[in-house]
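Per-entry structural report
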Amino acid sequence: MGDVWGTAVVTGASSGIGARYAARLAGLGWDTVLVARRADRLEDLARRLREQTGTAVETLVADLSVPADLARVAERAAARDVGFLLNNAGINGFGPFGALDPSLMAKVLDLNVVALTVLTRAALPGMVRRGRGAVVNVASLLAFAGSLPPGPLPQRAVYAGTKGYVLTFTRTLAAELAGGPPRLQALCPGLTATEFHLTSGAEPVPGREPAVHREGGMPVEEVVDASLAALDAGEVVCVPGLRGDPGRIEELVAAELALRAAAQPAR
Ligand SMILES: NC(=O)c1ccc[n+]([C@@H]2O[C@H](COP(=O)([O-])OP(=O)(O)OC[C@H]3O[C@@H](n4cnc5c(N)ncnc54)[C@H](OP(=O)(O)O)[C@@H]3O)[C@@H](O)[C@H]2O)c1
């Protein structure tokens, strides 16, 4: 993204997409605030980024599903220097809905939906006032998979619901802002090579060394490349690896408009 100024707040920066995105932003010249639960991972990354890029790097150790922690991060996201917000932290809580631990279910909703919305609300007004900035909200290709049964896809009703929220929230907010600035993006990766499938999300993956789940998937670098390119192009919905883009997204928008037009009340 060419328009570099100030600080980028990156949630879920201790592994996977968030760690790589933070490194790319620092490489572009952004100062960064790295947010996640695992302090040792954040400190390792912060040290590396300071050495490699000379940018300022803060760490904010926080469990974003805990209201007091979320409030601390929201306060930081609302500061004047913040020009980029990556709402990336997310957990899956995969499994049959009827067997889902209610406390894990609440955590999935609190993190994937509430924290993302609260942080967007904290950061966005300042960006609008200043007439610049970007918010990237990480959804998932699973947001488009509502009609598909599990196998090979995971059992995912709550997770997919939260990602459907991220997609609709971000697209609707982008429409409210009428093209910005700031720029908004719903990033919808398919299967990506991260730690994501190593935990349901109740507890972090242990250890200092980032790991990758055995399902494989797209390299994180490609997800970040696609997101940054889509920001430059002003695309609100980014599906990394999508061929024929933006045609597919336009087809989706056309189908939504046709559905609304067809659902008029009978005269
Ligand atoms: N990997 C995939 O196949 C895939 C596909 C589509 C979308 N996504 C989405 O991509 C995003 C990033 O996931 P990833 O694939 O990079 O997985 P990941 O490697 O597991 O990273 C998840 C990040 O979220 C953080 N996090 C988890 N719970 C948290 C909490 N309560 N508070 C603060 N931070 C928390 C984790 O850090 P700590 O554990 O240190 O807190 C970690 O930094 C998620 O929103 C996910 O839904 C992933």
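In what follows, the structure referred to is the one given above.
First, a word on what this report is: a plain description of the structure on this page. Source: prediction; values computed, not measured. (Residues numbered from 1 in each chain as written. Predicted model: local features only at pLDDT ≥ 70, side-chain atom pairs only at ≥ 80, totals over all residues.)

Looking now at the site of the ligand. The immediate surroundings of the ligand are formed by 32 residues, with G12, G16, R37, G90 and P204 found nearest. When residues of the shell around the ligand are assigned to their parent elements, the largest contribution, 3 residues, is made by helix 1 (residues 16-28). Here the residues of the shell around the ligand sort into 13 nonpolar, 14 polar and 5 charged. (Near = placed C-beta within 6 Å. Helix = DSSP H or I, 4+ residues; strand = E, 2+ residues; numbered from the N terminus. Nonpolar A, V, L, I, M, F, W, Y, C, P; charged D, E, K, R; others polar.)

Let us look at the nonpolar core. Of all hydrophobic cores here, the largest spans 71 residues; its most connected members are V10, A22, L34 and V35. The biggest single contributor to this core is helix 4 (residues 102-130), with 8 residues. If we skip the residues at most four places from it in the chain, V10 touches G18, Y21, A22, T32, V33, L34, V35, L86 and N88. (Core = buried A, V, L, I, M, F, W, Y, C linked by C-beta atoms within 7 Å. Buried ≥ 20, exposed ≤ 12 C-beta atoms within 10 Å, placed from the backbone. Contact = placed C-beta atoms within 7 Å.)

Judged by pairing direction, the sheet is parallel, and its 7 strands sit side by side in the order 3-2-1-4-5-6-7 without closing on themselves. Two strands close off the open sheet at either side, each with one partner strand: strand 3 (57-61) and strand 7 (237-238). Relative to strand 5 (residues 134-138), strand 4 (residues 82-87) runs parallel, the two sharing 4 bridges. Its bridge partner being in strand 5, N87 is matched across the sheet by N137. Against the sheet, helix 4 makes contact with strand 1 (7-11), strand 4 and strand 5, and its axis sits at roughly 160° relative to strand 4, the strand it touches most. (Pairing = 2+ DSSP bridges. Axes fitted to C-alpha atoms, helices over the stretch in contact; angles between N-to-C directions.)

Here V10 is to be found in strand 1. By C-beta crowding, V10 is classed as buried, having 31 other C-beta atoms within 10 Å. Considered as a pair, V10 and A22 are 12 residues apart in the sequence and their alpha carbons are 6.4 Å apart.

The peptide bond linking G151 to P152 adopts the cis configuration, its omega dihedral lying at 5°. Note that P152 resides in the loop between strand 5 and helix 5 (157-176).

When two helices pack together, their arrangement is captured by the angle between the axes and the distance separating the axes. Where helix 1 contacts helix 2 (residues 39-53), the axes come no closer than 10 Å and their chain directions differ by 25°. With respect to each other, helix 1 and helix 2 are oriented roughly parallel. Two packed elements cross with a definite hand, and for helix 1 against helix 2 that hand is right-handed. Contact residues: A19, A22, A23, A26 and G27 in helix 1; L45, L49 and T53 in helix 2. (Parallel < 35°, antiparallel > 145°, perpendicular 65-115°, else oblique. Left-handed = near helix turned anticlockwise from the far one by under 90°.)

On to helix 5. In this model helix 5 runs 28 Å from its N-terminal to its C-terminal C-alpha over 20 residues, within 8% of the 28 Å that 1.5 Å per residue would give. On its buried face, helix 5 sits against helix 4, strand 5, strand 6 (183-187) and strand 7. Positioned one or two residues after helix 5, A178 has a phi angle of 50°, which is positive. (Expected span 1.5 Å × (residues − 1).)

Let us now look at the pairing of strand 6. For strand 6, the tally of buried residues reaches 5 of 5 residues, placing the bulk of the element in the interior. Of the two faces of strand 6, the one holding R183, Q185 and L187 and the one holding L184 and A186 are both buried throughout. Note that strand 5 and strand 6 share 5 bridges and pair parallel. Looking across to strand 6, one finds that A134 is bridged to R183.

This next bit is on the packing of helix 4 against helix 5. Relative orientation of the contacting elements helix 4 and helix 5 amounts to 10°, with a least axis distance of 10 Å. By the criterion of interaxial angle, the relationship of helix 4 to helix 5 is roughly parallel. Counted together, M105, V108, L109, N112, V113, L116 and T117 of helix 4 and V158, Y159, T162, Y165, V166 and F169 of helix 5 form the full contact between these two elements. In the contact of helix 4 with helix 5, the residues fall into 10 nonpolar, 3 polar and no charged.

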